[in-house]
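Residue-level structure breakdown
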Amino acid sequence: MQFNRLYLLSGAALCALLPMQALAADAVAAVAADEAVAASGTADMDADIVVLGFGQSRQVQSVRAEDIARLTPGTSPIKAIEKLPGVNYQASDAFGAYEWSTRVSLRGFNQNQLGFTLDEVPLGDMSYGNYNGLHISRALISENLGSVEVAQGSGALGTASTSNLGGTLQFHSRAPSETFDIVGSGTYGSDATYRGFARIDSGDITGNGLRGYLSYSYLKTDKWKGYGEQKQHQVNAKLVQDIHGLGSITGFLNFSDRREQDYQDLSLDTINRLGYNNDNISNNFALASQLARIYDNQVAAAGKQPLPYPTAGLAFPAPYKTVDDVYYDAGGLRRDWLGGATIDAQLTDALTFKLTGYYHQNKGQGVWYLPYQPTPGPGGSPLSVRTTEYGIKRGGTIARLTYEVGNNTVELGGWYESNTFRQARRFYGLADQATASRPTLQFNTDPFFTQFDVKFDTETMLYYVSDKLAIGDKLTLTGGWKGYKVINSANPIVNSGSLASGKIDATDWFLPQAGVLYKVTDNAELFANFTQNMRAFVSAATSGPFAATQFAFNTVGGNLKPERSDTYEAGARIRSGGLQASIAGYYVDFSNRLLNIPIGNGPQGLATGLANVGAVRTYGAEISANYKVVGAVSLFASYAYNHSKYKDDVIDINGGVQRTGGKFVVDSPEHMIKGEIVYDDDTFFARIGADYMSKRFFTYSNDQSVPGRVTADASIGVRIHGHGIANGISIEANVTNLTDKQYISTVGSNGYGFSGDNATLLAAAPRQWFVTLKRGF
């Protein structure tokens, strides 16, 4: 798979678009009438900030930009949908942008079993070590988000994802404004948080529908505990050329450079002994070195070898009991470029065509200062820097052809992506001195040892066919299928360990979806849907089949089946006056669940075992309601019940039986209740929201759990309506974790074990406040 091929793939759509520019000047006349018709059809829907999916045969809900704007500026777009039913969202920072801690799951499916797109461009599974995409907090500045659509059970057939066993999250960026404008904001808050944002909208540059925007944001904040900082630079640019009566051409380019020092992963034991505020000791390299010397002495003593550091002794200084209680430091560095172009063409009155080409390049390092591998040679520290290094070069094309005739809409589409992912594990030396000789937030060079360096190639080919048929005024049938083939190969460049190499594929050319929508009245409807999905294998050294030992891969690889799900859901929606409400029930049959069985703890980074560990059965219900009490006051509430359990016991790598059958799925709360009250009279605005989540297990045997919790956030502000540059100025204050509750936010940061305590928990941020001055609402 050649690198040049990626450029050709992402450039294919661009080449197709260029001739269309010449058509722009020929089709200006009809714009006013077309836009008036379009606006009139959506006026009522636009009044609702949370839209509950009326007209859909699936459980679909969306949140609009007006609601997102009420959150703290810079907040991850994912946090905007945490109030929706069935959404389990976690983060250990106020912004939800700290990727090591950020998690989202739907109906018992974790983040890497969901699908994510931005303007239909795939973001991969958005996991921390993402091999085929990037996190939305890097892909788009939050102020440029137009809406988020959540399908809790099954996404649309044309979604560009091969990981969506469960639902999908589809993010949509805002379109450039029709008029010239300058928008900006500045935020200051807890822990020396500084954030700035600016956007220039060109308006219609030529009078022929050419418009665009350029925006920049900067975030810098100290960690809320311990020492260190997190910072990010982002640039978003978008250009649209309307070809009136014929469609539009859109191009975009997004850049992100994010660097963050990590929080210490915790266990229940370390929380009990050292408290929630236990963290990396990045202000005390001498202590970190002392702990590493004692650990080396303990290893030597256990092997009946001479102590390498006789004066350091064998006992850790109080209050520490193990070398894993605290590390010196850790961090994440990610630099991304994401660009592409789309042509949306009205070929005839009945036929439309959409083509998108995209290209994404990523460079990243996950950094950990660890005691397990001392720096070799004279003057070397008992510590070294271990990195997991990432490099993504992927390009793809998405196409869709839609034909409408009478009450029938037929759609045919496809997606192709070629992805080269390079992942390496390297160790870098440190000098034995009072302070660390390598800064955490700079890319490391000149390693003394490479544990592995693997080139992964992934080729994805997907097609789909869908049909929507309206029978009379009340009944609508939807149906279709998708099929795809994903070929994964691992080609080691350096493999000092025992990681697997080889080739594997996931293929199914018929994955059906069928639904029905029945309108009882103009304001009440019933829906039902069935969807079958398959998850492709992961091409990475830290998860999926290639993260296993070569022996495990050779033993089970030929018989390994991709994970599958069958999802059944049904429900009802009503609206009356200021009320809109939705209720849905679902049943999910999840089979061929694959598990990388851990060996050792997370920081040791050992290869894993690999097994098909059977099935999961899930059922549940979701209720949500949005009520506009009076013009300025609205209420939103949702409740979700989810019952997800493993059906089978598991054989571990030692041949023992782990009793997981009948146990609850990890990180899958049974009950979630969310609610908020909003007041907005266009001058004064305020919001308070609360979130309850029941207990969550973080072992497969359910012997370890974190308790349920209730959290609350609030915001308040005022808008100034003036003239000229003074028009659109606002000031607002936001408070997160309003009650200053101590609790575990994230579980599974270092994966899940069968039983026993594990350093795989992250504490939530305490109460924090932020004040923002904005120009442009």
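Now for a description of the structure that goes with this document. (Residues numbered from 1 in each chain as written. Predicted model: local features only at pLDDT ≥ 70, side-chain atom pairs only at ≥ 80, totals over all residues. Heavy atoms only, no water.)

**Regarding unusual backbone geometry**
Among all residues save glycine, negative phi is the norm, and among peptide bonds the norm is trans. Selection rule: A run of DSSP states H or I qualifies as a helix once it reaches four residues; a run of E qualifies as a strand once it reaches two. Both are numbered from the N-terminal end.
Here the residue pair Ala318 and Pro319 is connected by a cis peptide bond, since its omega of 10 degrees sits within 30 degrees of zero. If you trace the backbone, Pro319 turns up in the loop between helix H6 (285-302) and strand S14 (330-346). Residues other than glycine seldom take positive phi values, yet Asp119 does so here, at roughly 50 degrees. Note that Asp119 resides in the loop between strand S5 (115-118) and strand S6 (121-122). In this structure, Asp191 takes a positive phi of about 55 degrees despite not being glycine.

**Thoughts on the packing of aromatic side chains**
Cut-off, in case you're wondering: Here is the rule: rings of Phe, Tyr and Trp (six-membered ring for Trp) pair when centre to centre is within 6.5 Å. Planes less than 30 degrees apart are stacked, more than 60 are edge-to-face, and the remainder are tilted. With a 1.4 Å probe rolled over the protein chains alone, any residue whose accessible area is under 20% of its type maximum counts as buried; one over 50% counts as exposed, and the rest are partly exposed.
Inspection of every chain in the model, using the stated rule, returns 29 aromatic pairs. Arranged with centres 5.4 Å apart and planes meeting at 50 degrees, the rings of Phe109 and Phe590 form a pair that is tilted. Taken together, the residues span a long stretch of sequence, with Phe109 in the loop between strand S4 (103-106) and S5 and Phe590 in strand S23 (residues 579-591) at a distance of 481 residues. Phe590 shares its class with Phe109; the two are buried. Within the aromatic cluster, the residues linked to one another by ring pairs are Tyr131, Tyr390, Phe421, Phe456, Phe546 and Phe553.

**Focus on a nonpolar patch on the surface**
Going by this rule: Grouping into patches uses exposed residues only, defined as over 30% relative accessible area, and leaves out salt-bridged ones; the cut-off is 9 Å for like charges and 5 Å for nonpolar side chains (Val, Leu, Ile, Met, Phe, Trp, Tyr). Only the protein chains shown count as cover for residues, and the accessible areas themselves come from Shrake-Rupley with a 1.4 Å probe. Any carboxyl oxygen of Asp or Glu within 4 Å of a side-chain nitrogen of Lys or Arg constitutes a salt bridge here.
Judged by side-chain polarity, Tyr188, Tyr194, Tyr679, Phe684, Ile716, Val718, Ile731, Trp769, Val771 and Leu773 come together as a nonpolar surface patch covering roughly 890 Å² of accessible area. Elements represented by at least two residues in the nonpolar patch include exactly strand S34 (709-720) and strand S38 (768-775). Sort the elements by how many residues they give to the nonpolar patch and S38 lands first, with three residues. Of note, Tyr679 is situated in strand S30 (residues 671-680).

**Description of the side chain of Asn164**
Put simply, the rule is: For this analysis, residues touch if any pair of their heavy atoms sits within 4.5 Å.
Topologically, Asn164 is positioned in the loop between strand S7 (145-151) and strand S8 (168-173). Accessibility expressed as a relative area gives 1% for Asn164, which makes it buried. What Asn164 contacts, discounting residues up to four positions off in sequence, is Gln113, Leu114, Gly115, Lys482 and Asn533.

**Here we look at the pattern of salt bridges**
Two side chains carrying opposite charge are able to pair once their charged atoms lie near each other. Scanning all chains against the criterion turns up 45 salt bridges. Among the salt bridges present, the one from Lys83 reaches Glu676, with a minimum N-O distance of 2.6 Å. Within this pair, whereas Lys83 is found in the loop between helix H3 (65-68) and strand S3 (87-90), its partner Glu676 is found in strand S30, the two being separated by 593 residues in sequence. On the accessibility criterion, Lys83 (9% relative accessible area) is buried. With its nearest N and O atoms 2.7 Å apart, the salt bridge here joins Lys223 to Asp279. Remark: Asp279 occurs in the loop between helix H5 (268-274) and H6 and Lys223 occurs in the loop between strand S11 (210-222) and strand S12 (229-243); sequence separation between them is 56 residues. Given the relative accessible area of 6%, Asp279 is considered buried. Salt bridges sharing partners connect three or more residues here, namely Asp67, Arg70, Lys83, Glu676, Asp680, Arg687 and Arg719.

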